[in-house]
Amino acid sequence: MEPIRKAALVNATIVEIGQKGSLDVTVAQIARRAGMSSALAHHYFGSKEEMFLAAMRQLMTVYGAEVRGAIAASEGPLGRVRAVLIASFSPMNFRRDVVGAWLNFWVLAQSVPAAKRLLAIYQRRLHSNLMVGLRPLAGARADGIAAGLAALIDGLYLREALKLGAPDGAAAVRMAMDYLAAELAKGDA
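First, a word on scope: everything that follows refers to the structure included in this document. Computed from a prediction, not measured in an experiment: that's the story for all the values here.

Describing helix 9 (residues 169-185)
Next, step 1: Counted at 1.5 Å a residue, the expected span for helix 9 with its 17 residues is 24 Å, and the 24 Å between its end C-alpha atoms agrees.
Next, step 2: Turning to helix 9, its buried residues are G169, A172, V173, A176, M177, L180 and E183. One side of helix 9 holds all its buried residues, which, seen down the axis, span an arc of 130°. Away from its buried face by more than 90 degrees, helix 9 exposes D178 and A185.
Next, step 3: Looking at the buried side of helix 9, the elements it contacts are helix 5 (76-88), helix 7 (113-138) and helix 8 (142-162).
Next, step 4: One or two residues past the end of helix 9 sits G187, with phi positive at roughly 60°.

Spelled out as structure tokens, the structure:
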């Protein structure tokens, strides 16, 4: 039962924080959404912060699996970069509660070393995945383009957190691909 209960708490954490739009939720609220007592939630995780970090690890695991699957199905360097972008804005990763969790994760990483380490891991993996596709396309400019795409991904998540309506992953991918096309068109200039 422990893995099932932990998974329920992780999912409840994502939903509660996503709906609230902040980390200003209680363990009791998370536990209630998961259908268990706050004492049991504390038993499994110890604190709300640990629950949230577990939730972010879960989101990153799902994201990583989507990236790997999309890359495996891609063709060529441009296809690889596009695959990373599609995974970044997929319906599983670019939904309201997940976007809200990311926004709060960036805030938490400013003051909690464990969150900062986890964010750094995500950023390194994203950069690495982009670089494999960008090196053959952009040569020496690949690093700067990868940084720009990563910033655009983060910025689109931030904008999504602040707007109303359903997330539009396809529009986000188009915007990122337009940026990439413009950067690649610059060549060595």
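Description of the environment of E66
Next, step 1: Topologically, E66 is positioned in helix 4 (residues 48-72).
Next, step 2: Judged by relative accessible area, which is 24%, E66 ranks as partly exposed.
Next, step 3: Counting along the chain gives 24 residues from E66 to S90, while the straight-line C-alpha distance between them is 8.4 Å.

Notes on the packing of helix 5 against helix 7
Next, step 1: In the contact formed by helix 5 and helix 7, the axes pass within 8 Å of each other and the chain directions differ by 155°. For the element pair helix 5 / helix 7, the angle class is roughly antiparallel. Judged by the sense of rotation from one axis to the other, the crossing of helix 5 with helix 7 is left-handed. In this structure, helix 5 uses P77, L78, R80, V81 and V84 to contact helix 7, whose residues at the interface are L126, N129, L130, V132, G133, L134, P136 and L137.
Next, step 2: Here the contact of helix 5 with helix 7 is composed, by residue class, of 10 nonpolar, 2 polar and 1 charged.

Some thoughts on helix 3 (residues 38-45)
Because an α-helix completes one turn every 3.6 residues, residues spaced three or four positions apart along the sequence face the same direction.
Next, step 1: Among the residues of helix 3, A41, Y44 and F45 are the ones counted as buried. Here the buried residues of helix 3 occupy an arc of 80° about the axis, which is enough to place them on one side. Away from its buried face by more than 90 degrees, helix 3 exposes A39 and H43.
Next, step 2: Its buried side turned inward, helix 3 meets helix 1 (2-20), helix 2 (27-34) and helix 4.
Next, step 3: At the exit of helix 3 stands G46, carrying a positive phi of roughly 90°.

With respect to the packing of aromatic side chains
Next, step 1: Under the definition given, this model contains 9 aromatic pairs.
Next, step 2: Members of the aromatic cluster, connected to one another through ring pairs, are F52, Y63, F89, F94, W102, F105, W106, Y122 and Y157.

Conventions we followed
- Residues numbered from 1 in each chain as written.
- Predicted model: local features only at pLDDT ≥ 70, side-chain atom pairs only at ≥ 80, totals over all residues.
- Heavy atoms only, no water.
- Helix = DSSP H or I, 4+ residues; strand = E, 2+ residues; numbered from the N terminus.
- Expected span 1.5 Å × (residues − 1).
- Buried < 20%, exposed > 50% of the residue type's maximum accessible area, 1.4 Å probe, protein only.
- Arc of directions from axis to C-beta.
- Contact = heavy atoms within 4.5 Å.
- Axes fitted to C-alpha atoms, helices over the stretch in contact; angles between N-to-C directions.
- Parallel < 35°, antiparallel > 145°, perpendicular 65-115°, else oblique.
- Left-handed = near helix turned anticlockwise from the far one by under 90°.
- Nonpolar A, V, L, I, M, F, W, Y, C, P; charged D, E, K, R; others polar.
- Phe/Tyr/Trp six-rings, centres within 6.5 Å; stacked < 30°, edge-to-face > 60°.

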